[in-house]
Amino acid sequence: MVYEEPGTLAVQASGLAKHYRGRAGTVEAVRGVDLRVTAGEVFGFLGPNGAGKSTTVRMLTTLMTITAGTARVAGLDVAHDPDGVRRRIGVALQEAGLDPRQTGRELLALQARLFGSTRAEAATRAQELLVLLELEDAADRRIKGYSGGMKRRLDLASALVHEPEVLFLDEPTTGLDPASRLTVWDEVRRINGRGTTVFLTTQYLEEADQLCDRIAIIDAGRIVRQGTPAELKAGLRERRGLAVDPTLDEVFLDATGRTRERVAGEVQEVTA
Amino acid sequence: MTTVQQANLLGGRALREGLRTPESLAPTLFIPVFFLVVNFGQAGRIFPSSTTDFLYGQTYAAFQLPSSLLLAASFGSAALYLVEDIEGGYFDKLRASPVSRSALVIGRLLAEGVKGVVITAVLLVIALPFGVSVASGVVGVVLLLVLTALWGVVFGGFMQLIALKSRSAAATNAGGLVFFPLLFLTPNFVPRELLTRPMEIAATLNPVTYVMEALRSLILQDPQWDVLTRGFGIVGVLGVIMVALNVRLVRSYD
Ligand SMILES: Nc1ncnc2c1ncn2[C@@H]1O[C@H](COP(=O)(O)OP(=O)(O)OP(=O)(O)O)[C@@H](O)[C@H]1O
Ligand SMILES: [Mg+2]
């Protein structure tokens, strides 16, 4: 057993669980997730709709109470030192969280000030990020009038104001046109290149293949695969005795118990 | 960055929001002025200044003004904007920032206080043509502005509680309706000792009564320190309770 220094782990979860209690009973959204994300990597968190990706992200980012298990982010316990964690992370959630009545520039400057910047520093930082994410032209317009893609990019910018150690992105490219998607990919690579660990969820397997050093696949609240894309492909290849590496799509379908045939069958049932 | 600085930043943002939606101010001014005009118009002759002791020589409009001020201060929009922040995800963005949980809820309440001062000042000016003057002088005017604004903060804090709990605009609006029993189970037409017995009991139990009596004493008389202490005391205690409950809710917010 190789001793791993906890300091080198950007995210470490063990037995993480979340149960939602509602009138209709309890939903076990996440059921004992173990994760180890090394500092400096881009980590992909994949899974079908409703698998528990956003719930996991919300627990790791201090937004939601943890039902069971523990999580450490940037070396700090999420439940015991939430404020310390908040200082070290950037968060862009699945639903871009913006205020329609502020301008893009105001939103970024306010965010920077809440992280402790002076007024002048905040103005400089806002300008830098606006340029970086190609939002200069819209900077002084109210966010209400932004397109979906502009809102996503602004949301990403607002997660970067304080140069976080760990950046959480929940489906950062869903609903983006191909050009905007590439802008976000470039930005993720650039941020990662400067040492920020990126934890991203996505529905696009190509995105995971392109961007992520390692991935985990979650299904029905449990991790069903974890490793580098190459490892996961090789694993499936061996098991199936395939001549060439399968695609990450095939790994995903295999891991989540869905075969192509079954997916096709389900589609046929719907159309019949 | 201290909690106070953070609350100021968030309060500044809430004020900016208010300035950008001037339409939300219209009912805040219109409805209280409407009540002042109608009530004075209907009852002004029943209570002439010359023969009505409890008017201390002023018109009945002066007696009515506190109801209008409290009504205006209770039309704050903090809670509805909070629901928008929650629905739009911006509240989560703020919660994921290292902002003290108290600042998260106090920011909007500060803005509510500032708006309360401005609206009260405007209403005082509007009331001038009705023969209303503030008998307690400049100090009295300041106390009037502060007390009304503080009531706005208390009521805004109460509305924010509903917003945080329900996360729904409809529920928050419905919660705001409690203001009507609160405002009308008071000595709002005549002093407490002239009310019927059941009304007098209800008014005595209603904290708004004491705020209203304090405001009224400032308009009609020299400073009445006992009445003022009660009014400010009630607003102070309720304010602390509201903020504490708000902070508790945000801490356990999922
Ligand atoms: N607030 C909530 N109350 C009750 N159940 C919830 C709540 N939020 C999520 N769930 C349930 O928890 C499960 C996991 O949801 P979650 O949003 O984490 O999935 P996801 O993997 O992010 O899905 P998607 O890809 O659609 O975003 C789902 O069954 C969902 O219905
Ligand atoms: Mg999700």
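Please refer to the structure higher up on the page.
Calculation criteria
Residues numbered from 1 in each chain as written. Chains lettered and ligands numbered in written order. Predicted model: local features only at pLDDT ≥ 70, side-chain atom pairs only at ≥ 80, totals over all residues. Heavy atoms only, no water. Pairing = 2+ DSSP bridges. Helix = DSSP H or I, 4+ residues; strand = E, 2+ residues; numbered from the N terminus. Axes fitted to C-alpha atoms, helices over the stretch in contact; angles between N-to-C directions. Contact = heavy atoms within 4.5 Å. Salt bridge = Lys/Arg side-chain N within 4 Å of Asp/Glu carboxyl O. Buried < 20%, exposed > 50% of the residue type's maximum accessible area, 1.4 Å probe, protein only. Near = heavy atom within 4 Å. Polar contact = N/O pair within 3.5 Å; in protein donor to acceptor, adjacent residues only side chain to side chain.

Caption draft 1: Structural view of the sheet that holds strand E9 (residues 214-219) of chain A. All names here are of chain A. Taking strand neighbours across the sheet as the criterion, the 6 strands line up as E6-E7-E8-E3-E9-E10 in an open arrangement whose pairing is mixed. With partners counted over all chains shown, the strands left at the sheet margins are strand E6 (89-92) and strand E10 (222-227), one partner each. Across this sheet, the average inter-strand angle for adjacent strands is 15°, counted without regard to direction. Here 4 bridges tie E6 to strand E7 (residues 166-170), and the two strands are oriented parallel to one another. In the strand pairing of E7, Ala92 is matched with Leu169. Sitting on the sheet, helix H1 (residues 53-60) is in contact with strand E3 (42-46), E7, strand E8 (197-202) and E9, with an inclination near 150° to E8. Contacting E3, E7 and E8, helix H6 (residues 178-193) crosses the sheet at an angle of about 155° to E8.

Caption draft 2: Representation of the pattern of salt bridges within the structure. The final tally for this structure, using the stated rule, is 29 salt bridges over all chains. Among the salt bridges present, the one from Asp140 of chain A reaches Arg105 of chain A, with a minimum N-O distance of 2.9 Å. Residue Asp140 of chain A is found in the loop between helix H4 (119-132) and helix H5 (148-159), and its partner Arg105 of chain A is found in helix H3 (residues 104-114); the two are separated by 35 residues along the sequence. We classify Asp140 of chain A as exposed; its relative accessible area is 53%. The salt bridge involving Asp209 of chain A is made with Lys233 of chain A; its shortest N-O contact spans 3.0 Å. A residue pair is termed long-range when its members are at least 10 positions apart, and Asp209 of chain A in helix H7 (residues 205-211) and Lys233 of chain A in helix H8 (residues 229-240) qualify at 24 residues. Here the salt bridges share partners, and the residues they tie into one network are Asp99 of chain A together with Arg13, Glu17, Asp85 and Arg108 of chain B.

Caption draft 3: How the structure looks around helix H9 (residues 248-255) of chain A. The buried fraction of H9 of chain A amounts to 6 of the 8 residues, a majority that puts the element mostly inside the structure. Once H9 of chain A ends, the next one or two residues include Gly257 of chain A, with phi positive near 70°.

Caption draft 4: Focus on the site of ligand 1. All names here are of chain A. Taken together, 13 residues surround ligand 1, and among them Gly50, Lys53, Ser54, Thr55 and Gln203 come closest. One of the side-chain N or O atoms of Tyr20 is found 3.3 Å from a nitrogen atom in ligand 1. At 2.9 Å from an oxygen atom of ligand 1 is found a side-chain nitrogen or oxygen belonging to Gln94.

Caption draft 5: Highlighting the sheet that holds strand E2 (residues 25-38) of chain A. Residues and elements named next belong to chain A. Taken together, the 4 strands give an open sheet; going across it, the order is E2-E1-E4-E5, and neighbouring strands pair in antiparallel fashion. In this open sheet, the two strands that pair with only one neighbour each are E2 and strand E5 (76-77). In this structure, strand E1 (residues 9-22) lies alongside strand E4 (residues 68-73), joined through 5 bridges in antiparallel fashion. Within the sheet, the bridge partner assigned to Ala17 lies in E4 and is Ala68. Here H1 sits on the sheet in contact with E1, E2 and E4, set at roughly 115° to E1.

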